[in-house]
Amino acid sequence: PTCWFCCLPSANHSFSCISLGAHSACTFQYIEYSVTMVINPHKLGVHKVLQHIPLNKVFDAPAKARLAKAVNIADLRLCAKQRAHKMVFDYLDSGADDEISLRRGKDAYSELEMHYHILAGLKPPLDMRTKIFGCDVKLPFFACPTAGNRMFHWEGETAAAKAAEHHGSLYGLSSLATTGITEIGEICKQPKVFQLYVWKDRELVKEVLAKAKEGGFNALALTVDFTWYGNRERDIRNDFSIPPKYTINQMIEAIKKPAWTYDFLSHEPYTYACINTDVPADSLAAFVNSQIAPEFDWKDAEWLLGEWGGPAAVKGVVRPDDAIRAVETGFSTMWVSNHGARQLETSPATIDVLPSIREAVGPDVEIIMDGGVQRGTDICKALALGADSVGVGKPYLYGLAAGGTDGVIKALEILRVELDRAMGLLGVANVDDLKKRGPGLIKRRHASSRDYPDRYAYERGYGGGVI
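In short, a report on the structure. Not measured: the values here are computed from a predicted model.

1. Describing the overall build of the protein
Point 1. Along the backbone of the protein there are 20 helices and twelve strands.
Point 2. A buried classification covers 55% of the 467 residues belonging to the protein.
Point 3. Long-range pairs, those at least 24 residues apart, make up 72% of the contacts in the protein with a sequence separation of at least 6.
Point 4. Counting every atom, the protein has about 20,900 Å² of accessible surface; 56% of that belongs to carbon and sulfur.

2. Looking at the layout of surface pockets
Taking a probe equal in size to a water molecule and rolling it over the atoms shows the remaining empty space.
Point 1. As a volume, the second largest pocket reaches approximately 600 Å³.
Point 2. Taken together, 26 residues line the second largest pocket, and the ones lying closest to its centre are V224, D225, T227, G316 and D322.
Point 3. Within the residue set of the lining of the second largest pocket, elements represented by two or more residues are α15 (298–308) and β8 (312–317).
Point 4. A breakdown of the residues in the lining of the second largest pocket according to their chemical character gives 15 nonpolar, seven polar and four charged.

3. Regarding the nonpolar core
Point 1. If you look at the biggest cluster of nonpolar residues, it comprises 108 residues, and the most contacted ones within it are F194 and I351.
Point 2. The greatest single-element share of this core, amounting to 15 residues, is contributed by helix α19 (residues 394–426).
Point 3. Setting aside residues up to four positions removed in sequence, I351 forms contacts with A108, Y109, L112, M369, K381, A382 and L385.
Point 4. Core analysis: the second largest hydrophobic core is formed by twelve residues, I132, C144, V193 and W335 among them.

4. Description of the pairing of β8
Point 1. Buried residues dominate β8, accounting for six of its six residues.
Point 2. Note: strand β7 (residues 219–223) against β8, four bridges, orientation parallel. Bridging from a neighbouring strand, A221 pairs with A313 of β8.
Point 3. As defined by bridge partners, β8 adjoins strand β9 (residues 333–336) across four bridges and the pair is classed as parallel. For V314, the partnering residue across the bridge sits in β9 and is M334.
Point 4. Taken together, β8, helix α16 (residues 320–329) and β9 constitute a β-α-β crossover, and its handedness is right-handed.

5. Things to note about empty space enclosed by the protein
Point 1. Scanning the model with the defined rule gives two cavities of 30 Å³ or more in all.
Point 2. Together, 14 residues line the largest cavity, and R150, W154, D263, F264 and Y270 are the ones closest to its centre.
Point 3. Broken down by element, the residue count for the lining of the largest cavity peaks at three residues, all from helix α13 (residues 258–265).
Point 4. Split into classes, the residues belonging to the lining of the largest cavity amount to seven nonpolar, three polar and four charged.

6. Digging into the pattern of salt bridges
Point 1. Considering all chains together, one arrives at 24 salt bridges under this definition.
Point 2. Salt-bridge contacts for R234 lead to E99; the nearest nitrogen and oxygen are separated by 2.9 Å. A residue pair is termed long-range when its members are at least 10 positions apart, and R234 in helix α11 (residues 233–238) and E99 in the loop between α6 (86–93) and α7 (100–110) qualify at 135 residues. Of the two residues, R234 and E99, neither departs from the other in class, the shared state being buried.
Point 3. In this structure, D433 and R437 form a salt bridge, with 3.0 Å as the shortest nitrogen-oxygen distance. Here the residue D433 and the residue R437 both occupy positions in helix α20 (residues 431–437), the gap between them amounting to four residues, near one helical turn.
Point 4. A cluster of three or more residues bridged by salt bridges with shared partners is formed by R77, K86, D90, D93, E99 and R234.

7. Focus on the environment of F331
Point 1. As for its position among the elements, F331 is in the loop between α16 and β9.
Point 2. Taking the C-alpha atoms as reference points, F331 and E366, separated by 35 residues in sequence, lie 9.7 Å from one another.
Point 3. When residues no more than four places from it in sequence are discounted, the contact partners of F331 are L222, A301, L305, A312, A313, V314 and A326.

8. Quick look at helix α10 (residues 202–214)
Point 1. Along its 13 residues, α10 runs 18 Å from first to last C-alpha, staying within 8% of the 18 Å computed at 1.5 Å per residue.
Point 2. By the burial criterion, the buried members of α10 are L204, V205, V208, L209 and A212. Down the axis of α10, the buried set is contained in an arc of 130°. They therefore lie on one face. Turned more than 90 degrees away from the buried face of α10, the exposed residues are E203 and E214.

9. A closer look at the side chain of S174
Point 1. Note on placement: S174 falls in strand β5 (residues 171–174).
Point 2. The class of S174 is buried, set by a relative accessible area of 1%.
Point 3. Here the side chain of S174 touches L176 through a polar contact of 2.9 Å, landing on its backbone nitrogen.
Point 4. Among the polar contacts made by the side chain of S174, one reaches the side chain of Q195 at a distance of 3.1 Å.
Point 5. Look past the residues within four positions of S174 in its chain and what remains in contact with it is P145, T146, A147, F194, Q195, Y197 and C274.

10. Concerning the packing of aromatic side chains
Point 1. In the structure shown here, the tally under the stated rule is ten aromatic pairs.
Point 2. Taking the centre distance of 5.0 Å and the plane angle of 45° together, the rings of Y197 and F226 count as tilted. Taken together, the residues span a long stretch of sequence, with Y197 in the loop between β6 (192–196) and α10 and F226 in the loop between β7 and α11 at a distance of 29 residues.
Point 3. The class for Y197 is buried, based on a relative accessible area of 8%.
Point 4. Ring centres of F226 and Y229 lie 5.6 Å apart, and the angle between their planes is 75°; on these two criteria the pair is classed as edge-to-face.

11. Things to note about the pairing of β5
Working note: regular strand, side chains alternate between the two faces of the sheet.
Point 1. Residues Y171 and L173 line one face of β5 and the alternating positions G172 and S174 line the opposite face, and both faces are buried.
Point 2. For β5 and β6, the ladder comprises four bridges, and the chain directions are parallel. Residue G172 lies in a different strand from β6, and its bridge partner there is V193.
Point 3. Handedness of the β5-helix α9 (residues 181–187)-β6 crossover: right-handed.

12. Let's talk about α13
Point 1. Most of α13 is tucked away: six of the eight residues are buried.
Point 2. Buried residues of α13: A259, W260, T261, Y262, D263 and F264, and no others.
Point 3. Considering only its buried residues, α13 is in contact with α3 (46–50), α4 (56–69), α5 (73–83), α6 and α12 (248–256).

About the criteria used
Residues numbered from 1 in each chain as written. Predicted model: local features only at pLDDT ≥ 70, side-chain atom pairs only at ≥ 80, totals over all residues. Heavy atoms only, no water. Helix = DSSP H or I, 4+ residues; strand = E, 2+ residues; numbered from the N terminus. Buried < 20%, exposed > 50% of the residue type's maximum accessible area, 1.4 Å probe, protein only. Contact = heavy atoms within 4.5 Å. Areas by Shrake-Rupley, 256 points an atom, 1.4 Å probe, with all protein chains shown as cover. 1 Å grid on protein atoms, 1.4 Å probe; cavity = no way out; pocket = protein on both sides within 12 Å on 5 of 7 lines; lining within 4 Å. Points joined across faces, edges and corners; volume = space filled by probe spheres on them. Nonpolar A, V, L, I, M, F, W, Y, C, P; charged D, E, K, R; others polar. Core = buried A, V, L, I, M, F, W, Y, C linked by side-chain atoms within 4.5 Å. Pairing = 2+ DSSP bridges. Right-handed = clockwise from strand over helix to strand, strands pointing away. Salt bridge = Lys/Arg side-chain N within 4 Å of Asp/Glu carboxyl O. Expected span 1.5 Å × (residues − 1). Arc of directions from axis to C-beta. Polar contact = N/O pair within 3.5 Å; in protein donor to acceptor, adjacent residues only side chain to side chain. Phe/Tyr/Trp six-rings, centres within 6.5 Å; stacked < 30°, edge-to-face > 60°.

Shown next as structure tokens:
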């Protein structure tokens, strides 16, 4: 018997061995062969024709009108839902399993009251400048690194990079980005953090780290809560794939969303540009999946820090003991996160565990927090309870899916204005003042039915929406 992939003896390369990624090279070659056999519009060169027919503005006119009327992040969510392919929107919008953690992550902020000071003698705009990874930025929040941004809009990561440049905020790039490190460096001169997954192949890790250093990235964020892939049931129901499968259902959904579909068909097929620009995202996805290393441990983390040699965050911390271990290992920053409630169902709301992490590591260790943020008041509460800065994911991706660069700029502007208002009404003049006085300004109350939105809230996306 021989290996189905490389024809070597199956004693060395069994099918189960391949499924676990032990023989990823063969898997990769097989997937490459399979993909080349699939006929789709990009392989037929349809995009080369459509890119010379400027219909994007026509199809995008309704989306731009909706975007202009958006008042808050919930509005941007609805704009994204109306423009993006259903499969793509649900991938962005969903959480793991029953989406309990997704809802709790948002509900947790409702249980925190803001006990404001009066007659503080402040006037807008307030000073929101701070430092993240030791670098000066104009905002204490930023767009988190997220994978595959060109899935949501053809501008992809460049939209978020331009928005960071516009607002003077930190920019985060995922190692599974669909835009290259060099291109991002040319667009965004702001401080940048590069996010890395726990790969098995150390040569691949070294190669990616070298690219990040050459690209002017100031810090590294190691994602440690992605050693298994979360159970995202909306994706399963939608038969999610990158790029879309050309089934009847997917084509019907594509017809319903002409702006997204024309963008997709009139631009080059996207690749995971930080790893290998020669391989399309659909085939590389399986290769990347085979590269995730569940066995990655603290010793491996020490090796990684030695290879990087600069400021580094461990992303995915929810326990004080893990935070202490991470500091002892050499990480300069704790990134409190549960991966957007997309991994382990019933993992805790990050705002709930934040104070315990701050208490464990003390006042001098930098803490970033993300998760559940939908309002500037949410950011304000996180800064008050121990975070030095706050990452946002879904809010800016809603903006991206709704309207590219303009949508991301608007998402960050909405949060900036809301945060400015919250700080002013709370009676704090700047971020340092908020962090210093924060614990006395934010108090927890017992939840009640009055804390949560009305019966139409699910239509507006509260708690992640419904299937």
